[in-house]
Amino acid sequence: MESSKSAVVAEGLRKRYGKATVLDGLDLVVPEGSVCGLLGPNGAGKTTTVGILSTLLRADGGRAEVAGFDVARQAAQVRYRIGLVGQHAAVDEVLSGRQNLVMFGRLYHLSPAAARRRADELLERFRLTDTGSKPVKAYSGGMRRRLDLAAGMVLAPPVLFLDEPTTGLDPRSRNEVWDAVRALVDGGTTVLLTTQYLEEADQLADRISVIDTGRVIAEGTPDELKRRIGGDRVDVVVRRAGDLRAAGGVLAPVAAGEVVTDEDTRQISVPVRDRAAALADVVRVLDTAGIAAEDIALRRPTLDEVFLHLTGSAPGASAEHPEPHTSDEKKTEGAAA
Amino acid sequence: MSVAIPDLPRGPFGRLRWALADGWTVTLRGLTHWSREPGTVIGGLLFPVMMVLMFGYFFGGAMEVPGGGNYREFLIPGMFVMTMVFGMGETVTAVSADKNRGVTSRFRSMPMAPSAVLVGRCVTDMLNSVLALAVLFAVGLAVGWEAHGSVADTVFAVGLLLLLRFALTWMGIYFGLLMKGPEGITLVQTLEFPVGFLTSAFVAPSTMPGWLGTIAEWNPLSSTVAASRELFGNPGWGGDSWIAQHATLMAVVWPAVIFAVFFPLSVRRFRTLTG
C-alpha cells in the first residue's frame, strides 16, 4: 500500500439503495497531485462514489481514505482537506460572490479577517474581482461555476472532487472551467473528476477509471485506454466515391487490422501500428494507385470508441459530441494529390 | 497559497461553541438576504396586512362574532396565527432551494457543525416572524384591535404564537428537504389556505357544517387562535367541546407534538440526503 502517496484510496466500496446495487466493490487509487477522471454512463455510480469519498454518504461495505484519513471514522478531518464542486453551482444566489466566499470561510472557522482576506484572494485568482459585489443571480453560467470552484478552494484543500463540473455549460464556459481546474492542478491539488464527457476526461485527466454498474472496468492513462483497442488509425477521405473500392484494396496490405469503409463520408479508416511510417505508406500506395485523397488524418482512437469497446454502449452524453475527433489528431490535409 | 487548517474543537464545550458560531454564520446569511433583497421581506410582511384589511373591511361587515363584539378584534388573533402559517411557506422555499441547488450538500461536506444549517434557518425564520408579528400588532392597533389582558398575558400570547411558528418551522424544514423541485412549494403554499381557513381564525366553527366544524376545532391552529384571543381579552367564539375549553393547554401541546414528530424527521432526512 502506498497510502502515503495516494490522495484517495478506495477499496471494495459497496452501496445499495433498496434492491439496487449502485456500487459493487469499487476500487480506486488516486496518486497525490494527479487528476483522475471517473468516466461512466448515467447511473454507473460516479456520484455515489464522490458522495462516499466526500463524507456525504456512508458506504455499506469497503473502506476509503482521503488525504490519509478514513472517510467514515475521521469525517471531520477529511472535510478540512477536501473541496466539493457538484453538478450545480452550490452557492447562495442572493449574496454577492464575495459574501458567499466570506460565509464559507467563516464556516471553515477562519477568523472574520482571514475569511475576508481569503475571499479577496480567491476572487482575484478566479477572475471574479470586478463582479465580486454583484449578486450571484447576475452571474453567467461560467462565472457561477468559477465561484463554485473558488468556494471549494477556501481552505486550499489538497483534494478536490469535481462531480460533472461542466454539465450544462456552453463551450466557452466549459473552457473557462477547464482552465481554472488546470491552474489548480498546477498548484498541486489532487482532483477526482467525474464526467460523462469523454473529451473532458481526455483534456484534464492524467488517468481514467471507467466505471460501469458500480465497478471499475478499465483503468489507465487516456493513451493507454485508446491503445488498448487497437492503437492508431489513418482516416482517408477519397475525392471520388468511385475510388472507394480500389482504395480499400490498396490500403488493406498496409493495415494492422480490418479496414472500415464509410460510403456516405467517402472515408476509409485504416488501423495502423507504426504511426509515422504508416502515414507515409498510406500516402505512397494511394499515389502509386493514382487515387486522389481529399483528406488524410492520423489519429488515436477517441475515448468514445474506447467506451463503446469496453461497455458495449455509448456513454449518455456522447450525443452532444457529434464531432468526436477533436483532439489528438494530426491532419495532413491534401498530402496526396 | 496554503491556508492553515484550524484545530478541531475539543470536548463538548468546544463543539458547542462551534455549533453556536456556525449557527450564527448561517443566521447572518439569512439576515443578509433581508438587506440585499428587502422587497421580498416587505412583501412577506405586507401580505398579512392586506389580509387584515380585506377581511376586516370587505367581509367584516357581513361577519357576526358569536356573542357579539367587533369582528376586527376577533380577526386579529386569527391573523397572527395565519402569519405564522404563511411563514412556513417561506421556510419550505428556502430549505428546498438550498437542497436542490446543492448548497446543503456543500454545507454537509464542510467541517461545520451539521446542526448549524437547520438551526440557522430556524433562527432566521423566527426573527422574521417576530418582525411580522410586530408589524401586524401595529396594524391591529390601527384598525381598532387591542390587547386587553395584562402585560404577562400579552407576553404569554406572543410566546404561544412563536411556539407555534417554531414547531411549523421544523415541519417546513422537513417538507423542504423532501421537495424535489418548485412544484411541491406551490402545493404547500396552496394548502396553507384551506388548512388555515379550516380553523376558528376567521369564523366560528359553529357556523360550519357539523363535521367540518369538528375538524376546524381540532385543527391545531385553532387552539393557538383561541388561546391568544383569551389572553389578549378579545372576543372568542366560545365553544363547549373539550378541545375548545382547553385551548391554552392545547396551544402548548399541539406545537410540542408537531416538533416532536418533525424535528427528528428533519434531522434524519438531513443526515441521509443523497444530493
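Every chain begins its residue count from 1, and numbering advances along the sequence as written. As they are written, the chains are lettered A onward and the ligands numbered 1 onward, keeping that order. Totals for whole chains, interfaces and linings use all residues, but because this is a predicted model, local features are given only for residues with pLDDT of at least 70 and pairs of side-chain atoms are given and counted only at 80 or more.

Colleague: Quick rundown of the nonpolar core? Include the residues and the values.
Modeller: For the purposes of this analysis, a nonpolar core is taken to be any set of buried Ala, Val, Leu, Ile, Met, Phe, Trp, Tyr and Cys residues that are connected through C-beta atoms within 7 Å. Partly exposed residues are those whose C-beta has more than 12 but fewer than 20 other C-beta atoms within 10 Å; with 20 or more the residue is buried, with 12 or fewer it is exposed, and the C-beta atoms are placed from the backbone. Within the largest apolar cluster, 139 residues are counted, with the highest numbers of intra-cluster contacts made by A:Leu53, A:Leu147, A:Leu192 and B:Val81. We count a stretch as a helix when DSSP gives it H or I for four or more residues in a row; a strand needs E for two or more, and each element gets its number in order from the N terminus. Ranked by the residues each element gives to this core, the list is headed by helix H3 (residues 71-100) of chain B, at 14 residues. What marks off one domain from the next here is an automatic or database domain assignment. Both domains that furnish three or more residues to this core are identified here as domain 1 (3-226) and domain 2 (231-331) of chain A. Setting aside chain neighbours within four positions, we find B:Val81 in contact with B:Leu161, B:Leu164, B:Ala201, B:Leu221, B:Thr224 and B:Val225. Ranked by size, the runner-up nonpolar core spans 18 residues in total, among them A:Val236, A:Val270, A:Leu279 and A:Ala293. Distance between backbone-placed C-beta atoms decides contact: two residues are in contact if it is within 7 Å.

Colleague: Explain the sheet that holds strand E9 (residues 207-212) of chain A to me, and be specific about the residues and the numbers.
Modeller: All names here are of chain A. Strands are labelled as partners when DSSP assigns at least two bridges between them. Across the sheet, 6 strands lie side by side as E6-E7-E8-E3-E9-E10; this open sheet has mixed pairing. On the outer flanks of this sheet lie strand E6 (82-85) and strand E10 (215-220), each paired with one strand and no other. Adjacent strand axes in the sheet meet at a mean angle of 15 degrees when their direction is disregarded. In terms of strand pairing, strand E7 (residues 159-163) meets strand E8 (residues 190-195) through 5 bridges, oriented parallel. Pairing of Asp-163 across the sheet is with Thr-194, part of E8. Axes here mean lines fitted to C-alpha atoms, for a helix over just the part in contact, with angles spanning 0 to 180 degrees between N-to-C directions. The sheet strands contacting helix H1 (residues 46-53) are strand E3 (35-39), E7, E8 and E9, and the helix crosses E8 at an angle near 150 degrees.

Colleague: Any chance you could break down the UniProt feature "domain: ABC transmembrane type-2" (unreviewed entry) in chain B for me, citing the residues and the numbers?
Modeller: UniProt positions are given in the numbering used here, feature names are shortened, and annotations may be inferred rather than shown by experiment. When the UniProt feature table is mapped onto this chain, "domain: ABC transmembrane type-2" (unreviewed entry) is found at residues 39-273 of chain B. Taken end to end, residues 39-273 of chain B is 77% helix and 0% strand, and its two terminal C-alpha atoms sit 32 Å from one another.

Colleague: Lay out the domain arrangement of chain A in plain terms, naming residues and giving numbers.
Modeller: Looking at the assigned domains, one finds that chain A contains domain 1 (3-226) and domain 2 (231-331). A separation of 36 Å is found between the C-alpha centroids of domain 1 of chain A and domain 2 of chain A.

Colleague: Could you give me a rundown of the pairing of strand E2 (residues 20-31) of chain A, with the residues and numbers involved?
Modeller: Residues and elements named next belong to chain A. As judged from the 9 bridges shared by strand E1 (residues 6-17) and E2, these two strands associate in the antiparallel manner. Directly across from Arg-16, in E2, lies its bridge partner Thr-21. Where E1 folds back onto E2 in an antiparallel hairpin, the turn is made up of 2 residues, including Gly-18, whose phi is positive at roughly 60 degrees.

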